[in-house]
Amino acid sequence: MPSQEAAQEPAPTPRRSKITPERAQELYAAVLDILRESGYEALTMEGVASRTRCGKSTLYRQWGSKPELVVAALRGTRRVLLPHIDTGTLAGDLCEVARAIGTASGRDTPLMHALSHAALQSPELLCALREALIVPEIAAIEAMVRRGAERGEIPADSPAAEFVSVQLLGVMRARPLLEGKLADESYLSRFVENAVLPALGLDAPAP
């Protein structure tokens, strides 16, 4: 039979978060900035705490570990660049994709490089990286290609259609490794006009 003292013991209070959504976004931004600047190995909870003037104990209490904080930062800052693009033609859409991805390359490419090795060791981190930076863009590009096929701009069974998203996102990763340069807006626009559109049997839109 439980003692009177045990019976009177209060139930544990659920842990409450002291971090507002706005503050969380500041912390996430700092995490991603440090990743871009120094890489995953150099990122520490201490470094994030120092940069954001946040107690290290608060970070550990909220997220538990560096991988959990990085995953939260990726998922909490997930942004959509491409789904709103719809120029009315597939060629026009893909040229706009080149501009959008090229404009963001200075932010996204260093982040992907910083996390690539660590993500291969962590399924959760890899999933968060794909959700934040890769899957939305692939889905948007594939939707553009489907619309183009439905409008009759390309054959429904075009053999080049399945490779469009791989070409566009792959070259963003490949150029820094091969040439030491970002795949910026100018480069991606030329790539689309001279490699992607010809493979689909399309001409570049008029300026």
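Quick caveat, the model's predicted, so the values are computed rather than measured. (Residues numbered from 1 in each chain as written. Predicted model: local features only at pLDDT ≥ 70, side-chain atom pairs only at ≥ 80, totals over all residues. Heavy atoms only, no water.)

Trainee: A description of the confidence of the model for the chain should follow, citing residues and the corresponding values.
Mentor: Across the chain, pLDDT averages 88, with 92% of residues at or above 70. Between the elements of the chain, mean pLDDT differs from a low of 43, seen in helix α1 (residues 4-7), to a high of 97, seen in helix α9 (residues 185-200). Note on residues 1-16: pLDDT under 50 across the span, and two contacts to partners over four residues away in sequence or across chains. (pLDDT = per-residue confidence, 0-100. Helix = DSSP H or I, 4+ residues; strand = E, 2+ residues; numbered from the N terminus. Contact = heavy atoms within 4.5 Å.)

Trainee: Explain unusual backbone geometry residue by residue, including any values.
Mentor: Residue Arg53 is not a glycine yet carries a positive backbone phi of 55°. Within the secondary structure layout, Arg53 lies in the loop between α3 (45-52) and α4 (56-63). Assessed through its relative accessible area of 78%, Arg53 is described here as exposed. (Buried < 20%, exposed > 50% of the residue type's maximum accessible area, 1.4 Å probe, protein only.)

Trainee: Which residues make up the packing of aromatic side chains, and what values go with them?
Mentor: Tallied over the full model, the rule gives one aromatic pair. Above the face of the Tyr40 ring, Lys66 is positioned so that its terminal group lies 4.2 Å from the ring centre. (Phe/Tyr/Trp six-rings, centres within 6.5 Å; stacked < 30°, edge-to-face > 60°. Lys NZ or Arg CZ within 6 Å of the ring centre and 35° of its normal.)

Trainee: Any chance you could break down the packing of helix α2 (residues 21-38) against α3 for me, citing the residues and the numbers?
Mentor: α3 packs onto α2 with a crossing angle of 120° between their chain directions and a minimal axis gap of 10 Å. Between α2 and α3, the crossing angle belongs to the class labelled oblique. The interaxial crossing formed by α2 with α3 has right-handed handedness. Contact residues: Arg23, Glu26, Leu27, Ala30, Val31, Asp33, Ile34 and Glu37 in α2; Gly47, Val48, Arg51 and Thr52 in α3. Here the contact of α2 with α3 is composed, by residue class, of five nonpolar, two polar and five charged. (Axes fitted to C-alpha atoms, helices over the stretch in contact; angles between N-to-C directions. Parallel < 35°, antiparallel > 145°, perpendicular 65-115°, else oblique. Left-handed = near helix turned anticlockwise from the far one by under 90°. Nonpolar A, V, L, I, M, F, W, Y, C, P; charged D, E, K, R; others polar.)

Trainee: An account of the layout of surface pockets is requested, with residue identities and associated values reported.
Mentor: The calculated volume of the largest pocket comes to roughly 190 Å³. Taken together, 15 residues form the lining of the largest pocket, with Met112, Ile134, Leu169, Gly170 and Arg173 sitting closest to its centre. At the level of elements, α6 (90-121), α7 (123-150) and α8 (164-179) are the ones that each hand at least two residues to the lining of the largest pocket. With six residues, α8 is the largest single contributor of residues to the lining of the largest pocket. Taken together, the residues of the lining of the largest pocket break down into nine nonpolar, two polar and four charged. (1 Å grid on protein atoms, 1.4 Å probe; cavity = no way out; pocket = protein on both sides within 12 Å on 5 of 7 lines; lining within 4 Å. Points joined across faces, edges and corners; volume = space filled by probe spheres on them.)

Trainee: Describe α6, naming the residues involved and giving the relevant values.
Mentor: Its 32 residues give α6 an end-to-end C-alpha distance of only 38 Å, which falls more than 12% under 46 Å, the value for a rise of 1.5 Å per residue. At Ser105, α6 shows its largest bend, some 65°. Residue Thr89 occupies the N-cap position of α6, its side-chain oxygen lying 3.0 Å from the main-chain nitrogen of Gly92. (Expected span 1.5 Å × (residues − 1). Bend = angle between axes of the 7 residues up to and from the residue. Polar contact = N/O pair within 3.5 Å; in protein donor to acceptor, adjacent residues only side chain to side chain.)

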